Amino acid sequence: EAQVTQNPRYLITVTGKKLTVTCSQNMNHEYMSWYRQDPGLGLRQIYYSMNVEVTDKGDVPEGYKVSRKEKRNFPLILESPSPNQTSLYFCASNPRYQETQYFGPGTRLLVL
Amino acid sequence: AQRVTQPEKLLSVFKGAPVELKCNYSYSGSPELFWYVQYSRQRLQLLLRHISRESIKGFTADLNKGETSFHLKKPFAQEEDSAMYYCALSPYGSSNTGKLIFGQGTTLQVKP
């Protein structure tokens, strides 16, 4: 089944403890993105990637890192999480020349 | 600045009533605009895009460049339309980069 997967789906951690949220897609899409969803603020793009080793900042990149070493994977790294990064995170992918983004199921993160 | 504004956090209507979810954007170029929908416990998914000029599940949206709006309309709401709706803008039009700017979202509640 063509899809975007994220792991873990739920995560509780403490301030300062590095974590990685993985994202994988099996549709051979060139583009991948990370978003956070917060009440009243909607979805805000954190980082996006147009291809392997090509990434760019979205609207709220502070406190996050990404890497794109393989086409199918786009992990989101929080080197030193803080409580204001408590949120619902979505990964998405889309093929080149098509704007429709396909979303993962979301990862709910709580930073204590 | 590139921005998408959805002025209503919640829109509540009765079944069979017309629905209009408002979306205004700020962008100096020629954007590509989308409506995404998130049903309860489901992934965010594309509902429609302005470039397709299509009607999906009875919903239509017309891009009004003069008013910089892209309102979503349906003449007769159904209970299964209850969901969170997001308006989104791709700032580079057909030059796909993967960057997407979302509005704050509007929850549509259709009462029986």
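Residues numbered from 1 in each chain as written. Chains lettered and ligands numbered in written order. Predicted model: local features only at pLDDT ≥ 70, side-chain atom pairs only at ≥ 80, totals over all residues. Heavy atoms only, no water.

Visitor: So what's going on with the sheet that holds strand β3 (residues 19-25) of chain A? Residues and values would help.
Guide: Residues and elements named next belong to chain A. Pairing in this open sheet of four strands is antiparallel, and the strands run β1-β3-β8-β7 from one edge to the other. The open sheet is flanked by β1 (4-7) and β7 (65-66), the only strands paired with a single partner. In this sheet, strand β8 (residues 76-78) lies alongside β7 in antiparallel orientation, the contact comprising two bridges. Residue pairing in the sheet places K65 in a bridge with I77 of β8. (Pairing = 2+ DSSP bridges. Helix = DSSP H or I, 4+ residues; strand = E, 2+ residues; numbered from the N terminus.)

Visitor: Now, about the pattern of salt bridges: what can you tell me, with residues and values included?
Guide: Applying the stated rule across the entire model yields nine salt bridges over all chains. The salt bridge involving K99(B) is made with D59(A); its shortest N-O contact spans 3.3 Å. Of this pair, K99(B) sits in the loop between β9 (83-90) and β10 (101-102) while D59(A) sits in the loop between β6 (54-57) and β7, which puts the two residues in different chains. Here K22(B) makes a salt bridge to E20(B), at a shortest N to O gap of 2.9 Å. In this structure, a network of salt bridges that share partners links the residues R36(A), D38(A) and R44(A). (Salt bridge = Lys/Arg side-chain N within 4 Å of Asp/Glu carboxyl O.)

Visitor: Mind laying out the sheet that holds strand β8 (residues 72-74) of chain B, listing which residues take part and the relevant values?
Guide: Residues and elements named next belong to chain B. Ordered in space as β3-β8-β7, the three strands form an open sheet in which the pairing is antiparallel. Among the strands making up the open sheet, the edge pair consists of β3 (19-21) and β7 (60-61). Sheet analysis places β3 next to β8, joined by three bridges and oriented antiparallel. Paired with L21 across the bridge in β8 is L72.

Visitor: Can you explain the nonpolar core? Please cite residues and give values.
Guide: By size, the foremost hydrophobic cluster in this structure holds 25 residues, and its most contacted members are W35(B), L72(B) and Y85(B). Among the elements of the structure, β2 (10-14), β3, β5 (32-38), β6 (45-49), β9 and β11 (106-111) of chain B are those that each provide at least two residues to this core. With four residues, β9(B) is the largest single contributor of residues to this core. Ranked by size, the runner-up nonpolar core spans 19 residues in total, among them L19(A), Y64(A), V66(A) and C91(A). (Core = buried A, V, L, I, M, F, W, Y, C linked by side-chain atoms within 4.5 Å. Buried < 20%, exposed > 50% of the residue type's maximum accessible area, 1.4 Å probe, protein only.)

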